[in-house]
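# Examination of the molecular architecture
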Amino acid sequence: MDAAKNRAGLTKNDYMGKPSTLCKGCGHDSITAAIIESYFQMGVKPHMVAKVSGIGCSSKTPTYFIDKGHGFNSVHGRMPAVATGAKIANHDLIMLGVSGDGDTASIGMGQFCHVMRRNVDMTYIIENNGTYGLTKGQFSATADQGAKAKKGTDNPYPVIDTCAMAIELGATFVGRSFSGDRKQVISLLKAALSHKGMALLDIISPCVTFNNHEGSTKSYTYCKTHDMPLHELGYVPAFDPIEVEIKEGEIRDIALHDGSHLTLKKLGSDYDPTNKMKAIMNLHEARQSKTLATGLLYFEKDQKDLAGILNVCDTPLSKLQQRDLVPSRETLAKVMAGYK
Amino acid sequence: MEKKINDFSFRVATVNGTGSQSANNILFKSLFRMGVGVCGKNLFPSNIQGLPTWFQIRVSEKGYQCLREHDDIAVLMNPETAKDDVAWMQPGKSLFYNSNLITIAPDQLKPGQNIYGIPIEELSKTINPELRHLLKNLFYVAALSHLYGIDKDVIGSVIADTFKSKQKAIDANLVAFNIGLDYAKANFEKKDGFMVEKREGANKGKIVIEGNSAAALGSIYGGCTFLAWYPITPSSSLAESVDSFAGKLRADGTGKSKFASIQAEDELSSIGMVIGASWAGARAMTSTSGPGISLMGEFIGLAYYAEVPAVIWDVQRVGPSTGLPTRTQQCDIQKAALASHGDTKHVLLFPSSPKECFEMAGTAFDLAERLQTPVFVMTDLDLGMNIWMDDEFQHQDKPFDRGKVLSAENLTRIEAFGRYQDVDNDGICYRTLPGTDSPKGSFFTRGSGHDEFARYTESPVVYTKNVDRLLRKWHTAKKYVPAPIITGDPKAKVGIIACGTSNPAVTETMDRMNNKGVKYLRLRAYPFTKEVEEFIGSCDQVFIVEQNRDGQLQQLLEIDIRGCQPKLKGVRYYGGFPLSADFIEREINEKAGK
């Protein structure tokens with residue numbers, strides 16, 4: 001039987017990468033699989049994908065998906081700068097940044113803040129396991145206060161909540177998920193592709209080797225028992241619209257930039273992701289009640305992305321040729337006259 | 001009374017933030033428009049308002065562009081420094097001063113000195129109080145105009161151009177100027193021999209410009225489409241000028257721009273953005289100064305090893321650490337040449353004039369894309385922020401060199417694409433850009449160990465082969481970088497080597513030596529080309545003139561050109577002011593033959 005093809009005429013195989021070299025059972029591998037699945041389903045052209053990462057276990061993963069895309073494994077904590085430069089140079093690229101909690105919340109904190117407030121049109125995934133895996137189990141800044149390290153020590157410092165920061169700093173699409181919730185991760189990844197602006201996804205992704213023990217707040221068991229989805233997400237692509245029956249008060253509809261929709265089915269209380277104050281309050285409450293609030297935390301449609309703010313021309317800058325770029329001889333003569 | 005026509009210098013001692021800059025520029029440009037050779041050096045503090053600053057305007061028939069250690073005419077506007085300013089002046093010179101705030105006692109004066117007190121505060125009483133503090137500087141402009149023959153009509157035209165359509169500002173300046181002129185006519189008598197004479201048409205084809213503006217303009221005409229930067233003196237005005245020129249020259253006709261600029265959060269980010277943009281195929285640049293280069297170190301190594309183009313303008317200032325941020329040096333030569341950890345070497349360009357800043361801006365992009373590596377343009381505060389007189393810039397017709405980039409169509413004609421395969425055996429491999437629509441076009445850019453197909457590897461054999469190829473590329477670079485320029489007596493056994501802003505001082509020194517018995521090689525790039533080795537080989541003694549303590553250029557020569565060490569003698573100035581011919585001449589006289 002022929003493998004199923006997407007709207008680009010490609011099979012899932014076209015979205016695969018090299019075999020993973022991470023530990024067996026690593027949460028990051030589930031995210032990799034979700035990226036492959038969602039980009040396949042969306043019919044993304046692989047050669048248009050720019051996969052940019054920093055340093056760490058998470059940052060290795062771009063090798064494991066979409067081999068036909070262009071990868072860039074940069075320096076520790078500096079993925080945002082490279083992604084920003086590349087996206088502005090060629091805004092046709094589909095920019096996917098992959099980072100980890102160490103890469104983002106410690107060494108890369110400055111760049112994280114500024115890429116959020118610039119609203120760069122990209123997906124920024126934090127594969128968040130609360131620990132430094134490659135250097136063997138030190139706490140990261142996203143470890144919860146009081147969480148236990150494998151060596152038995154307690155984390156004395158308060159957590160840095162990257163989602164709360166992102167909302168505060170101007171990111172326009174902020175989601176949190178758990179690598180074990182494949183369906184939710186895929187919905188968020190697809191919606192992130194449809195969003196024109198910064199889509200930050202903080203995905204809790206357990207480290208089976210250094211942070212999966214009793215007392216950890218980033219273990220599989222802990223996440224499974226504490227995950228409280230805010231809503232059930234459904235993604236309706238613009239290229240394949242289906243009628244969704246919306247009963248009053250049951251589903252919230254988020255219209256995305258490319259005409260696609262994200263549906264938020266109510267679970268328990270009604271959550272409005274367009275309310276900034278409530279989104280931040282909700283994160284504080286989740287922390288107090290020691291729950292993992294997942295789903296689309298925040299969404300804002302009417303902000304310009306960075307290319308829009310910079311007023312970049314429609315042709316990607318990287319495609320402009322000498323004839324497009326060199327002002328005429330007459331202009332230089334005119335400029336020279338101003339220095340006489 | 002000895003006459004000195006068009007060969008002397010003014011020094012204005014003032015307080016920064018008091019409007020003297022505008023007055024000095026009017027003076028400077030008026031001299032230029034009279035056809036006289038001029039050069040302006042601003043010796044200013046790292047401060048916005050209230051600290052001492054000095055501005056030297058040198059007039060010279062030959063158009064010399066370096067600092068003079070002593071001046072012939074001083075204008076003292078700053079009571080705080082007045083005592084030292086008087087002491088600095090030599091016998092026979094003239095001093096103008098604000099007689100309402102400064103007193104000069106007879107015992108402060110040296111033989112033959114002339115003093116002219118201008119009651120600046122009194123005269124300014126009739127001026128609009130809001131503008132008084134700015135306009136009172138016009139009084140000394142008027143006094144100098146009267147006594148030294150600076151054409152008042154030319155000054156009027158410069159004032160008109162400076163304030164363009166703001167008629168009120170023009171009128172206010174002219175009123176102030178005339179008050180000063182009337183006072184000078186009624187009270188001042190010429191006692192010295194310094195005089196400006198008009199040279200009709202002599203400055204045709206010339207401009208006066210700061211190197212940072214020239215670099216910015218060259219970047220726009222050289223195809224820059226992306227700038228990321230972080231404010232740092234003395235490079236900020238370079239980035240701001242790129243922005244400003246792009247606004248005027250890069251509109252796409254639909255209201256959008258064929259250029260993007262980001263003021264980054266720090267230098268780590270600005271270089272990262274440049275590398276990202278270059279990787280995606282744009283001509284991208286940043287500008288910074290020494291501390292910024294230190295911060296960029298890690299990323300520069302990535303660009304070297306992963307072979308991503310980047311253009312970095314280093315407008316050098318006095319270091320180490322914060323150093324003297326508003327003073328000049330050539331103190332980043334080694335830092336830039338070897339920036340980052342591991343075995344790295346970088347291409348450097350050394351412009352020595354605004355015109356060369358303009359031209360090398362394009363060259364830097366050509367080299368970065370041809371060699372797929374960071375290229376540093378090493379300028380400094382003297383070149384970047386002072387006003388230089390130079391030839392008008394010429395529109396460049398040469399095609400851009402975009403280097404070895406494979407298109408989707410190119411890829412159809414090859415069997416397999418290996419990003420780091422040395423197909424042409426020159427150390428430079430072919431690259432593709434993200435978004436290239438070909439199943440063969442993708443590869444993984446990484447700063448970790450990689451093989452010819454850009455795959456991760458820790459193999460010692462592959463690593464060694466790869467970095468050896470990078471060395472091959474380094475040697476290939478010598479074919480592309482601008483060659484040095486050699487002048488002077490070809491048979492001489494005494495040589496001088498210098499680069500960048502040491503050039504005007506060396507050129508003047510050569511003139512003072514009548515170009516006899518000495519020759520001069522002006523370096524324009526690193527790696528050193530064969531001409532440099534041959535030049536040193538043909539000399540018994542070579543003076544390496546540079547503006548740093550440790551002889552950074554000399555050390556690079558000693559490392560790269562085997563056996564040259566015994567011949568080299570350092571002539572080094574590193575006090576932070578621009579280099580003068582007076583200094584070089586003294587040093588060479590003292591060290592020659594020793």
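For clarity, every value in this text was computed on a predicted model and none was experimentally measured.

This paragraph deals with the overall build of chain A. Helices and strands together make up the secondary structure of chain A, namely 12 helices and 13 strands. For the C-alpha atoms alone, the extent of chain A along its principal axes is close to 75 × 50 × 50 Å. The 340 residues of chain A split such that 57% are buried. Taking the intrachain contacts of chain A between residues at least 6 apart in sequence as the baseline, contacts between residues at least 24 apart amount to 71%. A total of about 14000 Å² of accessible surface is found on chain A, and carbon and sulfur atoms cover 53% of it.

Here we have 9 strands laid out as an open sheet, ordered β9(A)-β13(A)-β7(A)-β8(A)-β4(A)-β3(A)-β1(A)-β2(A)-β17(B), and mixed in their pairing. Here the strands that pair on one side only, and so sit at the sheet edges, are β9 (227–229) of chain A together with β17 (444–446) of chain B. When the angles between neighbouring strand axes are averaged without regard to direction, this sheet yields 20°. Its contacts with the sheet place helix α1 (residues 27–42) of chain A against β1 (49–53), β3 (94–100), β4 (122–128) and β8 (198–204) of chain A, and it is angled at close to 155° to β4(A).

Quick look at the environment of B:Phe393 now. Within the secondary structure layout, B:Phe393 lies in the loop between β16 (387–391) and α15 (408–412). Note on B:Phe393: relative accessible area 3%, which makes it buried. Apart from the residues within four sequence positions on either side, B:Phe393 is in contact with A:Leu332, A:Met336, B:Ile207, B:Ile209, B:Ala214, B:Leu217, B:Pro354, B:Lys355 and B:Phe358.

Once that is clear, we can look at the pairing of strand β5 (residues 73–76) of chain B. Residues and elements named next belong to chain B. Side-chain alternation along β5 places Ile73 and Val75 on one buried face and Ala74 and Leu76 on a second face that is also buried. Across 4 bridges, the pairing between strand β2 (residues 7–15) and β5 is parallel. Residue pairing in the sheet places Phe10 in a bridge with Ile73 of β5. One ladder, built from 4 bridges, connects β5 with strand β6 (residues 94–98); its direction is parallel.

By the definition in use, this model includes 51 salt bridges over all chains. Across the pair A:Lys68 and A:Asp14 runs a salt bridge, and its minimum N-O distance is 2.6 Å. With a gap of 54 residues between them, A:Lys68 in the loop between α2 (57–60) and β2 (70–73) and A:Asp14 in the segment before α1 connect regions that are remote in the sequence. For A:Asp14, a relative accessible area of 15% puts it in the buried group. A:Asp161 serves as the salt-bridge partner of A:Arg287, at 3.3 Å between the closest nitrogen and oxygen. Taken together, the positions of A:Arg287 in helix α9 (residues 276–288) and A:Asp161 in the loop between β6 (138–139) and α6 (162–169) put the pair 126 residues apart, joining distant regions of the chain. Among the charged side chains, a network of salt bridges with common partners joins B:Arg58, B:Glu508, B:Arg512, B:Asp582 and B:Glu585.

Interface size is commonly expressed as the accessible area that is lost once the parts come together. All names here are of chain B. Domain annotation for chain B reports domain 1 (4–204), domain 2 (209–391), domain 3 (408–480) and domain 4 (485–591). Taken together, the contact pairs 26 residues of domain 2 with 24 residues of domain 4. The largest per-residue losses of area from domain 2 upon contact with domain 4 belong to Gln330, Gln334 and Phe350, which jointly make up 32% of the total buried on that side. Linking domain 2 with domain 4 are 2 salt bridges, by the criterion used here. Across the pair Arg524 and Glu356 runs a salt bridge whose closest N-O atoms are separated by 3.1 Å. Viewed at the interface, domain 4 and domain 2 are joined by 16 residue pairs in polar contact (both at pLDDT 80 or more). Taken together, the elements giving at least two residues each to the side of domain 2 that touches domain 4 come down to α12 (333–337), β14 (347–349), α13 (354–371) and α14 (381–385). Counting residues per element, the side of domain 2 that touches domain 4 draws most heavily on α12, which supplies 4 residues. When its residues are assigned to classes, the side of domain 2 that touches domain 4 shows 13 nonpolar, 7 polar and 6 charged.

Now for the sheet that holds strand β19 (residues 494–499) of chain B. Residues and elements named next belong to chain B. Read across the sheet, 5 strands follow the order β18-β20-β19-β22-β23 without closing on themselves; strand pairing throughout is mixed. This sheet does not close on itself; its edge strands, each paired only once, are β18 (485–488) and β23 (568–572). For this sheet the average axis-to-axis angle between neighbouring strands, irrespective of direction, equals 25°. With 6 bridges joining them, β19 and strand β20 (residues 518–523) adopt parallel strand pairing. By the bridge assignment, Gly495 is partnered in β20 with Lys519. Sheet contacts for helix α20 (residues 581–591): β19, β22 (541–546) and β23; angle to β23, the most-contacted strand, approximately 145°.

On to the nonpolar core. Core analysis: the biggest nonpolar cluster contains 153 residues, and A:Ile88, A:Tyr124, B:Leu217, B:Phe226, B:Ile497 and B:Leu557 have the highest contact counts within it. Those residues in contact with A:Tyr124, other than ones at most four positions away along the chain, are A:Met79, A:Pro80, A:Gly97, A:Ser99, A:Thr104, A:Phe112, A:Val115, A:Met116, A:Met198, A:Ala199, A:Leu200 and A:Leu201. Listed in part, the 54 residues of the second largest apolar core include B:Leu135, B:Ala184, B:Phe194 and B:Ile387.

Before going further, it helps to spend a moment on the interface of chain A and chain B. With 54 residues of chain A in contact, the opposing surface of chain B contributes 67 residues. Taken over both partners, the interface formed by chain A and chain B buries close to 5100 Å², and the fraction arising from carbon and sulfur atoms is 63%. Per-residue buried area on chain A facing chain B is highest for A:His70, A:Tyr339 and A:Lys340; these three make up 15% of the total on that side. Counting the contacts that link chain A with chain B gives 4 salt bridges. Across the pair A:Lys340 and B:Glu392 runs a salt bridge whose closest N-O atoms are separated by 2.6 Å. At the junction of chain A with chain B, the criterion picks out 26 residue pairs in polar contact (both at pLDDT 80 or more). Of the residues forming the side of chain A that touches chain B, the biggest block, 7 residues, is contributed by helix α3 (residues 79–89) of chain A. Broken down by class, the residue content of the side of chain A that touches chain B amounts to 25 nonpolar, 20 polar and 9 charged. Note that β2(A) and β17(B) share 3 bridges and pair parallel. Bridge pairing in β17(B) places A:Phe72 opposite B:Thr445.

The rules behind each value
Residues numbered from 1 in each chain as written. Chains lettered and ligands numbered in written order. Predicted model: local features only at pLDDT ≥ 70, side-chain atom pairs only at ≥ 80, totals over all residues. Heavy atoms only, no water. Helix = DSSP H or I, 4+ residues; strand = E, 2+ residues; numbered from the N terminus. Buried < 20%, exposed > 50% of the residue type's maximum accessible area, 1.4 Å probe, protein only. Contact = heavy atoms within 4.5 Å. Areas by Shrake-Rupley, 256 points an atom, 1.4 Å probe, with all protein chains shown as cover. Pairing = 2+ DSSP bridges. Axes fitted to C-alpha atoms, helices over the stretch in contact; angles between N-to-C directions. Salt bridge = Lys/Arg side-chain N within 4 Å of Asp/Glu carboxyl O. Domains from an automatic or database assignment. Buried area = accessible area lost by both parts, 1.4 Å probe. Polar contact = N/O pair within 3.5 Å; in protein donor to acceptor, adjacent residues only side chain to side chain. Nonpolar A, V, L, I, M, F, W, Y, C, P; charged D, E, K, R; others polar. Core = buried A, V, L, I, M, F, W, Y, C linked by side-chain atoms within 4.5 Å.

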